[in-house]
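Descriptive structure summary
Listed below, chain by chain, are the residues.
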Amino acid sequence: MGSQTLQILRQGVWAALSGGWYYDPHQGTFVNALHLYLWLFLLGLPFTLYMALPSSMIIVAVYCPMIAAIFIVLKMVNYRLHRALDEGEIIEKSANELTDRGIKPEKDSCSTRRKDSNGPSDPGGGIEMSEFIREATPPVGCSSRNSYAGLDPNNQIGSGSPQLGTEAVIKGDTDTAKTSDDISLSLGQSSSLCKEGSEEQGKFSSTLYETGGCDMSLVNFEPAARRASNICDTDSHVSSSTSVRFYPHDVLSLPQIRLNRLLTIDPDLLEQQDIDLSPDLQEHMPPQEEAAQKVEHYYRFWILPQLWIGINFDRLTLLALFDRNREILENVLSVILAILVAFLGSVLLIQGFFRDIWVFQFCLVIASCQYSLLKSVQPDSSSPRHGHNRIIAYSRPVYFCLCCGLIWLLDYGSRNLPTTRFKLYGMAFTNPLLLMSARDLVIVFTLCFPIVFFVGLLPQVNTFVMYLCEQLDIHVFGGNATTSLLAALYSFICSIVAVALLYGLCYGALRDSWDGQHIPVLFSVFCGLLVAISYHLSRQSSDPSVLFSLVQSKIFPNTEEKNPEDPLSEVKDPLPEKLRNSVSERLQSDLIVCIVIGVLYFAIHVSTVFTVLQPALKYVLYTLVGSVGFLTHYMLPQARKQLPWHCFSHPLLKTKEYYQFEVRNAAHIMWFEKLHVWLIFVEKNVIYPLIVLNELSSSAKTIASPKKLDTELGALMITIAGLKLLRSSFSSPTCQYVTVIFTVLFFKFDYEALSETMLLDLFFMSIFFSKLWELLYKLRFVYTYIAPWQITWGSAFHAFAQPFAVPHSAMLFVQAAISAFFSTPLNPFLGSAIFITSYVRPVKFWERDYNTKRVDHSNTRLASQLDRNPGSDDNNLNSIFYEHLTRSLQHSLCGDLLLGRWGNYSTGDCFILASDYLNALVHLIEIGNGLVTFQLRGLEFRGTYCQQREVEAITEGVDEDDGFCCCEPGHLPHMLSFNAAFSQRWLAWEVLVTKYVLEGYSITDNSAASMLQVFDLRKILTTYYVKGIIYYVTTSSKLEEWLANETMQEGLRLCADRNYVDVDPTFNPNIDEDYDHRLAGISRESFCVIYLNWIEYCCSRRAKPLDADKDSSLVTLCYGLCVLGRRALGTAAHHMSSNLESFLYGLHALFKGDFRISSIRDEWIFADMELLRKVVVPGIRMSLKLHQDHFTSPDEYDDPTVLYEAIMSHEQNLVIAHEGDPAWRSAVLSNSPSLLALRHVMDDGTNEYKIIMLNKRYLSFRVIKVNKECVRGLWAGQQQELVFLRNRNPERGSIQNAKQALRNMINSSCDQPIGYPIYVSPLTTSYSDSHEQLKDILGGPISLGNIRNFVISTWHRLRKGCGAGCNSGGNIEDSDAGGGTSCPNNNATSANEPHSNVLQGGNGNSGQGPGTGLYPPITSHLPTLGTSHSSHSVQSSLVRHSPARASVASQSSYCYSSRHSSLRMSTTGFVPCRRSSTSQISLRNLPSSIQSRLSMVNQMEPTNQTGLASMQHGLPSSSSSSQSIPACKHALVGFLGTEGGQNIAADSQSGSNLSPANNPQAKKGDVIYRIQIVDPSQILEGINLSKRKELQWPDEGIRLKAGRNSWKDWTPQEGMEGHVIHRWVPCSRDPGSRSHIDKTILLVQIDDKYVAVIETGVLELGAEV
């Protein structure tokens, strides 16, 4: 603890005060001395020049060039040294050469060779070792490049002549790289040593491998041509594995003992000197080797092309000396900033801003800023990440330059600007006294730089730029929060462009003439465009990446052809395309809506309504916004909370799901949700724009007057204020009504004299109120956190800090006010009651875009998948559920927020979603008009003890508390007790909703060990495994190809023998059902006894059956595959299948696809690997599901038919895959209904296997709103504690549970490694257009296509409505349906029909003339006839479902010209129909001749049940209570024409003998009408299983399929469409059409499902054409 404290004091406190200089005891004297003298030089140089020279520009002229020269030299040398270490040459000199340097000349040939090897294109080969650690290289003494000497081919040390000294030049091409903490060694390329004459090829002897300690499995021989490419970039990411490559044809220079140490990768061995070898090794070491051990290593640093010097230190020393700037641009920027600091600092010094001791203090600030460019503070107190942060080094000089520039500008303004030109609220912003005060404040702030950076009040530069742009965009231009630096700049620039476009119009309008009753038209144009542009900007996301992607996809469509061999080619994330479509729809909608609202508000403004109706209009608008806002944003949200006003024990406005134990459907839309949506719509689209336009009209001329801001500045303020108020009201109208009402009351009634026009008052008060709300949240957090009756001390320091924080309460309030003004977090120091202000952050908070990358087979190496099984921990596997939850929220979050299901919300709010196992924190970042950008942070399923205590706190009920102080008198009904109400008010969170419905997956996990504990259960699994293999091989489309494959036939030749038996010891009689005890193995005969029946059945289900007898090749293939599969299972289980753990290990290995073919008898499988991938792997996976089903129905799968159908059903509805397979993630994100996997969990000492089953359904969550300042403060405290203060204690006090603030849950949701969430989503945007329920209320997006469809449908409805209205007594309510009819089931043909073949055959009799053979039809009751069309339109609508019939009808001799014309009848006679919802004709609209003939229907009885009667089986009948009679096409077309009626009747009769449910063609001859389900609650799910049998069903097969027992997981949803095949009517005389209730029941067919639904729950769509 003491050493850690000293380290923090040195590297944290002292380095932060000095700018980076501190004494490092781990470094040598040279490094510490250089740092000290350099820092003293930078401090003393400006101070000495200021004291020695007169205060003039001479100081600047001397100081700046000296700083420039020093920084240029230092940065250039530092950059070149790092380049030398990257690509330079390592020189090794032996001891004898050091003593005889210059005495013994080198041989010419060796010199020549060395010269060549020094060049950039060294062709020599050898061995190169590189250690890759995090941004550092070990010292030369232990560096892999400098840890070996020469070794000639004869294992002798040295090169060239043995008698001469050795100089080995080893060229290095690799360097450090940013990797994990692992070390990777790579033996690569170095220069070979020279010899006289030709170069000899060395060979490895066994001695090298034995003494060198190299494993032959690591040896990889490569050609020399490939070695040149083995160059690792400095910044490249390399794996942590070890690869050693030897080149046997190169001359090696490597001492064996040193190589042994290197290959062990043991730091202790590397740090040992060679003289520390054991005595035995030293005795056997030749004298030359002893001399070679004493070598000196240095790098060759080239100064000029022919001049170099030796550098005698390594990269670690260099990195300790100066920070590394990797790019040339970084070095240039550092030099420029150093010169700029020197220039601005010296200018302020000579201008006399500092006196006495403050001169020295200012020089200290200058020195700290310049020194940080050479050696920065790491980690800085405001650094957001662990490790070296390159950006933080530029913070001090940049802020210094900004402050110095601001000092100079304020001083210049105080001396040159006029005094009282612009005034607001009685304050002249150009007052010299005000400017001088601001200048002095900035001077003091600059002098306090050491303290400021030590405390961490200023962020790194990119964070500050993002924060500044975001704050200006929100508070000045009314924008939204941003998601990145690029988004902040983009949004800010868009706002500037919008203001620039509107400024010209406003300025031109203000220059025009104004009077009391006249406003220039140009100003009305400005107002219309202002509303339109504000509306468009409010609907656009700040992140332009999706927009750019959309433009790119339109201009440069992706035409790449995917590789079908790529296993990931089919895995496609649907989210990017969905986002592009949403943005495209919004842009198309904005194009139309902006034009409409621009024209509309222009028309409203130009109508002088804002001048004529004053002052009454403004008070009406104020009253309206107050009442609507109070109802919408206060009363309704409070009444819908779980504990309204913290007084009631349950919501006053409950949802339909409130009392449901398990939610089965999507959330039902309640009336108050619809009211909430419409109130918000009216408020932000009507009321607020009218208020802003009203204030613009009344305030514009006053603001632009010379007494106020004049025309130029006034036009700018009007534009900015109008844009800000409109955009903020469009985006987030939650608290706008409070601002408006307070501003009106304050400036109209209290202090009217202070008002600067209502427009500017609203503008500034909106900024003030945003800061006031933030202050309120901070104070609530502080008081809640330090309340003495509920504080939880997590450590001894907390108990110590609590009493010391009490006297500083006033300072705490001041800190809270300052933090609210700058929007900075107020964080508890180390989790205690002491609060300090952190540095400014954007709403996004976290400065790096961290999001979880799931570990699966797509991003891990194959070797690690087979051996170590990466990503097998629960957290990694469970993260997919949070990812799916993010996708569900992306679809519905914005719509649910607008429906009020999450209560009131604003930018930066934080919510916790809690269910049985999912606990996620949702951070709302950007809130726009119809869009929300959020981030989800998923916590561990099995959290810590502290997390569980806080989860209990947010899920426990408080309505059972009866306490009142110290007693328990109880509470009023439906009210909270006193203690419960008091405690709820002292929490930093509140429960909003207990039944928030969201689509997700229910997770069930069963222990695989318990399911396979006994041998019988394992035998059942093996049996299903074999049957699964047989199923997949017989259903494969490549079966014929496999049977004809000669390689397979040859490999299976032995298996084809009837007496063949496989006696592999893997097979076990306890597990294999077909085990032959006599032959001690699995024989072909025993296999056929058990499985031949199943093979024959599977083969019979093929479209093209194959021979499946005992001796067939198909049985041989199945036998071979089944034996192979079981042998692979035994091999994976290490031939210990009798052991449960081994069996589970092998089962899991096969489940994930790890098949080891270990027997030569199974190598025939390599002829086509599809057999493994498409047959054996699905077989083992399907067996697991069938084994699960076996527990529910043990004997059901004994029937081959049931088993076959079950496998087919599971194939269609169930995804079975390993959780590491990318297909698993794709299936989850694609909303597959069910998934199954076998999970191997190895975490925290556990080693167990689980069967995971996922079923998609609607989940119920509790929504808890957390004080956003509590979240920001705790996050900031954790970052400071772990990064700057380096507290690594896993049980630190700041993460202990605190139920009043949910401290543990919030802190554990931080970005890793500060927190430990198992999933952090990327920033995701949800659009309201994707919410179906919201679209039903407000309508979908407006586009040209949607408008065209709306106009066409409206025209058709108007045309039908006009047709109905032109007839007396027309039935307009039914005129919206189609024009066809369908016949009922209770009609009959006439008795003694002479031409019954017209109805019963299929051919019409064209010889019958009109009026002949009329036999009136017979009916049992008065049917209905409905369609309010003219007779001609009725005829055309009846026959338009077939072009042929339409032509026949048009050619008939009938022509109808008036409603009183006569009609001719066909020989078909009358056939009464049910009431048709598709074409209804009022009886009163028909001629009297038709009415008289149709009235005969009631007087006849059915005498014949043949003909059409059989055809009408199952069709709907009509209601007897209707006042009109139905028109069947046979009856009415019989009136209208002979040919048409005959053709229609004949066509209808063609399918009369078949039921519509069994023969789809039977429907084509009839006009079947379609319906759409609009109310799923009217569906009768269990009517088909009723024991009372209230209904008579048209078919028993339909009855069995018309209920939930047949639907399985399918559920009829709202919006589904189908056609009616039967109708039950109340009080019907026909028992088959009689409803047992007082409502009509429809039998609807939806695809292959049948649904019984009450008629009031459907919408009739018309005839099915």
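This text goes with the structure placed above it.
In this report, we go over the structure that sits alongside the text. Predicted model only: the values in this text are computed from it and were never measured.

What counts, and where the lines are drawn
- Position numbers for residues count from 1 along each chain, tracking the sequence in the order it is written.
- Owing to the predicted nature of the model, reporting of local features is limited to residues with pLDDT of at least 70; listing and counting of side-chain atom pairs is limited to 80 or more, with chain, interface and lining totals taken over all residues.
- Calculated side-chain values reflect all of the structure's heavy atoms, with hydrogen atoms and water omitted.
- Numbered from the N terminus, helices here are DSSP runs of H or I no shorter than four residues, and strands are runs of E no shorter than two.
- Residue exposure (1.4 Å probe, protein chains only): buried if accessible area is under 20% of the type maximum, exposed if over 50%, otherwise partly exposed.
- Definition of nonpolar core: a set of buried residues of the types Ala, Val, Leu, Ile, Met, Phe, Trp, Tyr and Cys, connected through side-chain atoms within 4.5 Å.
- It only takes one pair of heavy atoms within 4.5 Å for two residues to be counted as in contact.
- Aromatic rings from Phe, Tyr and Trp, with only the six-membered ring used for Trp, were paired whenever their centres fell within 6.5 Å, and each pair was classed as stacked if the ring planes differed by under 30 degrees, edge-to-face if by over 60, and tilted otherwise.
- Interaxial angle, 0 to 180 degrees, is taken between N-to-C directions of lines fitted to C-alpha atoms, where a helix line uses only the stretch in contact.
- Angles are sorted into four bins: roughly parallel if under 35 degrees, roughly antiparallel if over 145, roughly perpendicular if 65 to 115, and oblique for all others.
- All amino acids are sorted into three groups, where Ala, Val, Leu, Ile, Met, Phe, Trp, Tyr, Cys and Pro are nonpolar, Asp, Glu, Lys and Arg are charged, and the leftover types, Gly among them, are polar.
- Patch building starts from residues that exceed 30% relative accessible area and form no salt bridge, then joins like charges within 9 Å and nonpolar side chains (Val, Leu, Ile, Met, Phe, Trp, Tyr) within 5 Å.
- In these tables, accessible area is a Shrake-Rupley quantity obtained with a 1.4 Å probe, and a residue counts as shielded only by the protein chains included in the view.
- For salt bridges, the criterion is a side-chain nitrogen of Lys or Arg within 4 Å of an Asp or Glu carboxyl oxygen.

1. So, unusual backbone geometry
With an omega of -5°, the peptide bond running from Gln378 to Pro379 counts as cis. For Pro379, the location among the structural elements is in the loop between helix 14 (357–372) and helix 15 (395–416). Note that the residue after Gln614, namely Pro615, is joined by a cis bond; omega there is 0°. Looking at the secondary structure, you find Pro615 in the loop between helix 23 (609–612) and helix 24 (616–640). One non-glycine residue, Asp710, adopts positive backbone phi at about 70°. Note on placement: Asp710 falls in helix 26 (residues 710–731). The exposure class assigned to Asp710 is partly exposed, which follows from its relative accessible area of 26%. In the Ramachandran plot, His974 falls in the positive-phi region, its phi being about 65° despite a non-glycine side chain.

2. Topic: the nonpolar core
Within the largest apolar cluster, 122 residues are counted, with the highest numbers of intra-cluster contacts made by Leu889, Trp902, Leu924, Phe1087 and Leu1121. The element contributing the most residues to this core is helix 40 (residues 1113–1132), with 12 residues. In this structure Leu889 touches Trp902, Leu913, Val922, Phe934, Leu936, Tyr996, Leu998 and Ser1326, once residues within four positions along its chain are discounted. One finds Ile519, Leu537, Ile691 and Leu762 within the second-largest nonpolar core, a separate group that totals 63 residues.

3. Considering the packing of aromatic side chains
How two aromatic rings sit relative to each other is set out by the distance from centre to centre and by the angle between their planes. Across all of its chains, the model carries 59 aromatic pairs by this definition. For the ring pair Phe449 and Phe453, a centre distance of 5.2 Å and an interplane angle of 80° mean the geometry is edge-to-face. Linking Phe449 with Phe453, this pair stays in helix 17 (residues 449–455), spanning four residues, or about one helical turn. Assessed through its relative accessible area of 1%, Phe449 is described here as buried.

4. A word on the packing of helix 14 against helix 15
Packed helices, taken two at a time, are described by the angle between their axes plus the distance between the axes. Where helix 14 meets helix 15, the axes come as close as 8 Å, and the angle between the chain directions of the two elements is 140°. Considered as vectors, helix 14 and helix 15 are oriented oblique to each other. Of helix 15, the residues touching helix 14 (which contributes Phe362, Val365, Ile366, Ser368, Cys369 and Ser372) are Arg396, Pro397, Phe400 and Cys404. The class makeup of the residues in the contact of helix 14 with helix 15 is seven nonpolar, two polar and one charged.

5. Points about the side chain of Gln370
On the secondary structure map, Gln370 appears in helix 14. When neighbours within four sequence positions are excluded, Gln370 is seen to be in contact with Leu42, Tyr63, Ile67, Phe71, Ala338, Val341 and Ala342.

6. Here's the deal with a nonpolar patch on the surface
On the surface, a cluster of nonpolar side chains totalling about 480 Å² of accessible area is made up of Val465, Leu485, Leu489, Ile493, Val497 and Leu501. Broken down by element, the residue count for the nonpolar patch peaks at five residues, all from helix 19 (residues 485–511). Among the structural elements, Leu501 can be located in helix 19. Classification of Leu501 as exposed rests on a relative accessible area of 58%.

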